[in-house]
Structure formats: C-alpha cells, structure tokens
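# Overview (structure and organization)
Each chain, written out:
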Amino acid sequence: MPSSRPPLQVIIAAPRGFCAGVDRAIRIVELAIERYGAPVYVRHEIVHNKFVVDRLRGLGAVFVEELEEVPDGVPVVFSAHGVPKSVPAAAQDRGLDYLDATCPLVSKVHRQAERLIETGRHIIFIGHAGHPEVIGTFGQVPEGSMTLVETIEDVARIEPADPENLAFLTQTTLSVDDTSAIVGALQARFPSIRAPRGEDICYATSNRQAAVKQIALRCERMLVIGAPNSSNSLRLVEVAEREGVPARLIQRASEIDWEWLGQPASLGLTAGASAPEVLVQEVLEALGTRFDVHAEEAEHTREALTFKLPRELVA
Ligand code: 10D
Ligand code: SF4
C-alpha cells in the first residue's frame, strides 16, 4: 500500500559526527572512571555536547568549570579543547592526579605558539573570543605576546609594535572560507607574516564543512546536530546557509521545528564533531514518523585517523 506520508529524500553528509580527538577525550573519561572509580572530575564539558556529558555523568563523572572546584585527592581530566599552562601547574602543586584530554591537534597549535615566541615573533591568533580553546592557547604564551583577531575588520584595526616580525596561528574549528579571507587580509597588510606549518584548522572541521558544501545544492533544508556552544557545529550551519540552504542547529530530535521544516522534497543532515551518531539515528526516526523517508549517505572523504590514549590509562 502506498504511504500516506509525504516523501522525503534525506541526504546524510559523510564524514559527520565524532572526530578522532572527541573519541579519544570521551574514552579517557570512561577509562579514568574504570581505573580510579567514581567520581572522576572533568574540568569543562569534555566535549561540547549535552548528551555526551549527561551519559558520562551517569557513569560517575563530575563536571566543573574551574580546578578550584575539584576536591583534594580526586582525579581530574582536562577537556579536549585544551587548558592554559597554569591549569596543569596548579593541579601539580595540589598533588592532584590529572589526565589531559586535549586533542593532539590542539596541542600541536600550543607547541607552535611556544616555538614562535621563542624565536621572538608576535603571534596574531585567528579565533573566537572567549572560546575555551582560545583561552587555552593564549595560556601557552606570556601575556601580551599574542593578539586575537576575529574578523577582517580586526585585521585593519590592530597596531602591532613590530609589523615585520609577526606570525599567525588559528583555532582548529574555524570556517575554512572566513579564515582564508582573514589570512588574505593579514598577508596583504603584513607581507612578511609567517604562516603556520600546515593548516591549524583540523582535518575533521574542514572535511565536515566540505561534506556540507557537497550536498547543499541538492537540499531544500539542512539540519545540523550539535550544541549551541560547539564552534565546529555552528560553522556547519553557516556553511549551509552561505550555500543558500536554510539550516538549523538542533541538539536532538525533540528540537526539530516542524513548522520551519515544512514539507521539503529533500533535507540535508549532518552532525558536528562532538555529536554522537545515535542522535543522527534519533533524528532519522523522528523524520520517519512524519515522512516517507528515503535516506542516502553522500560521502565526501573517508576518515581513518585515530589518536593514542595516554600511557597511564592503557598500561
Ligand atoms: O566548540 P568546539 O567545536 O571547539 O568543540 P566541540 O567540543 O564541539 O568539538 C570538538 C572540538 C574540539 C575539542 C576543539 F578542537
Ligand atoms: Fe581535534 Fe579537530 Fe576534533 Fe577538535 S575537531 S577535537 S581539533 S580532531
């Protein structure tokens, strides 16, 4: 019998969802709970996703924003976004057992920042003010040795003391297109500025944005699963909208705005690097209650990267 529900072609972007850094960070918390027993404290959301955080809380993780909130004698994990150097230093002073779940690709930027300062360069950092990754990276270098720019207008405004001796670095989860425009403006104004070795925007961020671009032309609407404080997820919504596709960020199926969605013939679906696949399946199921869904996956790139876990957890 033909379905009474309207047909809907759902085009699911690939890659989407968890990246290698998020996988590793979550595993670190799970293994820390197994090894030390609950509670294990986590400084900041391990990744920016309420579903992930709530699940780990159920296993015995306690999430706090500052190290001062961690009681003595309890292990603590630092989130995937990275922390200023002062944080592990303070943990050490207090004799706390700590595990650093900073993504190795964020740590790579930290090390580049340190090296540039050693060579006497002033760093222009492209990123979003107040984001924990930005706070963590600024905390790798002496105060005043790095200047934040968020926009092309910021590039025109800054007045570095020695314009011949600059380098730039970036947050890992930025818009590839916006960043390349900001880098262009930096290079036009400061021709001798040194670029990072390789890209600071990580493979997962750029692959997820490219996958959205690839499907955008075929979609009337786009849903991005991710949290409102997730930088990489927010960028996916922007990418879709700039391709001319009305897009919404939702944390899970219950946040679908059915009125906004209407009755499109095609819908794009993706998930930020901190959003688990179960939430993609949940959204598909919810769509299936109202539409006759035909789902197809559009693969842009295959990802195979994994990161090693800290030695103390696998030994
Ligand atoms: O906000 P965000 O995109 O930086 O973080 P989220 O936790 O959503 O995704 C993982 C990305 C990390 C840890 C930064 F590289
Ligand atoms: Fe690491 Fe990129 Fe994932 Fe951030 S988004 S945790 S930098 S792999």
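## Considering the domain arrangement of the protein
Often, the extent of an interface is quoted as the loss of accessible area upon association of its parts. Domain parsing of the protein yields domain 1 (7–18 + 203–297), domain 2 (20–103) and domain 3 (105–189). The straight-line distance from the C-alpha centre of domain 1 to that of domain 2 is 29 Å. Facing the 13 residues of domain 1 at the interface are eleven residues of domain 2. Contact with domain 2 buries area across many residues of domain 1, yet Phe18, Asn229 and Ser274 alone supply 48% of it, more than any other trio. At the junction of domain 1 and domain 2, the tally comes to zero salt bridges. For the interface between domain 1 and domain 2, the tally reads five residue pairs in polar contact (both at pLDDT 80 or more). Along the lines of polarity and charge, the residues of the side of domain 1 that touches domain 2 split into eight nonpolar, four polar and one charged.

## A look at the nonpolar core
In terms of nonpolar packing, the biggest core is built from 26 residues, with Val29, Ile46, Val47, Leu56 and Val77 touching the most fellow members. The set of elements that each furnish at least two residues to this core consists of α1 (20–36), β2 (40–43), α2 (50–59) and β3 (61–64). It is α1 that provides the largest number of residues to this core, a total of eight residues.

## Some details on the layout of surface pockets
In this structure, the largest pocket encloses a volume near 210 Å³. As for the largest pocket, its lining consists of Val83, Lys85, Pro88, Tyr98, Asp100, Thr102, Ser107, His110, Arg111, Glu114 and Gln140. Looking at the lining of the largest pocket, the elements with two or more residues in it are β5 (98–100) and α4 (104–118). With four residues, the single largest contributor to the lining of the largest pocket is α4. Counted by class, the lining of the largest pocket contains three nonpolar, four polar and four charged residues.

## Digging into empty space enclosed by the protein
Per the stated rule, a full pass over the model turns up one cavity of 30 Å³ or more. What the largest cavity holds in volume is close to 310 Å³. Lining the largest cavity are 24 residues; nearest its centre among them are Cys19, Val22, His81, Thr173 and Asn232. Every element with two or more residues in the lining of the largest cavity is listed here: α1, α4, α8 (203–216) and α9 (231–242). Of the residues forming the lining of the largest cavity, the biggest block, four residues, is contributed by α8. Residues belonging to the lining of the largest cavity are distributed by class as follows: eleven nonpolar, eleven polar and two charged.

## Details of the pairing of strand β1 (residues 7–14)
For a regular strand, side chains alternate in direction, first toward one face of the sheet and then toward the other. Burial analysis of β1 places six of its eight residues in the buried class, the great majority of the element. The sheet contact formed by β1 and strand β11 (residues 266–271) spans four bridges and is parallel. The residue of β11 that forms the bridge with Ile11 is Gly268.

## Some thoughts on the packing of aromatic side chains
Following the criterion strictly, the structure yields two aromatic pairs and no others. Measuring from ring centre to ring centre gives 5.2 Å for Phe78 and Tyr98, while their planes differ by 25°; the resulting arrangement is stacked. Of this pair, Phe78 sits in strand β4 (residues 76–78) while Tyr98 sits in strand β5; the two residues are 20 residues apart in sequence, bridging distant segments of the chain. Here Tyr98 falls in the partly exposed class, since its relative accessible area comes to 28%. Ring centres of Phe125 and Phe138 lie 5.9 Å apart, and the angle between their planes is 85°; this geometry places the pair in the edge-to-face category.

## Concerning the pattern of salt bridges
Between side chains of opposite charge, pairing is possible as soon as their charged atoms come close. Scanning the model with the defined rule gives 19 salt bridges in all. In this structure, Arg43 and Glu66 form a salt bridge, with 3.6 Å as the shortest nitrogen-oxygen distance. Placement of Arg43 in strand β2 and of Glu66 in the loop between β3 and β4 is noted, with a sequence separation of 23 residues between them. We classify Glu66 as partly exposed; its relative accessible area is 38%.

## Re the site of ligand 2
Taken together, the residues surrounding ligand 2 are Cys19, Gly21, Cys103, Leu105, Thr172, Cys202 and Tyr203. With respect to the pocket detection grid, ligand 2 is positioned in the largest cavity. For the shell around ligand 2, the per-class residue count stands at five nonpolar, two polar and no charged.

## What about the site of ligand 1?
As a matter of local geometry, ligand 1 sits amid 15 residues, with His48, Ser230, Ser231, Asn232 and Ser274 nearest to it. Within the backbone of His48, an N or O atom sits 2.6 Å from an oxygen atom of ligand 1. Separating an oxygen atom of ligand 1 from a side-chain N or O atom of Ser230 is a distance of 2.6 Å. Here ligand 1 loses 96% of its free accessible area of 380 Å² to cover by the protein chains. Comparing atom positions with the cavity grids shows ligand 1 to sit within the largest cavity.

Cut-offs used in this document
Residues numbered from 1 in each chain as written. Chains lettered and ligands numbered in written order. Predicted model: local features only at pLDDT ≥ 70, side-chain atom pairs only at ≥ 80, totals over all residues. Heavy atoms only, no water. Domains from an automatic or database assignment. Contact = heavy atoms within 4.5 Å. Buried area = accessible area lost by both parts, 1.4 Å probe. Salt bridge = Lys/Arg side-chain N within 4 Å of Asp/Glu carboxyl O. Polar contact = N/O pair within 3.5 Å; in protein donor to acceptor, adjacent residues only side chain to side chain. Nonpolar A, V, L, I, M, F, W, Y, C, P; charged D, E, K, R; others polar. Core = buried A, V, L, I, M, F, W, Y, C linked by side-chain atoms within 4.5 Å. Buried < 20%, exposed > 50% of the residue type's maximum accessible area, 1.4 Å probe, protein only. Helix = DSSP H or I, 4+ residues; strand = E, 2+ residues; numbered from the N terminus. 1 Å grid on protein atoms, 1.4 Å probe; cavity = no way out; pocket = protein on both sides within 12 Å on 5 of 7 lines; lining within 4 Å. Points joined across faces, edges and corners; volume = space filled by probe spheres on them. Pairing = 2+ DSSP bridges. Phe/Tyr/Trp six-rings, centres within 6.5 Å; stacked < 30°, edge-to-face > 60°. Near = heavy atom within 4 Å. Sits in = over half its atoms within 2 Å of the grid points. Areas by Shrake-Rupley, 256 points an atom, 1.4 Å probe, with all protein chains shown as cover.

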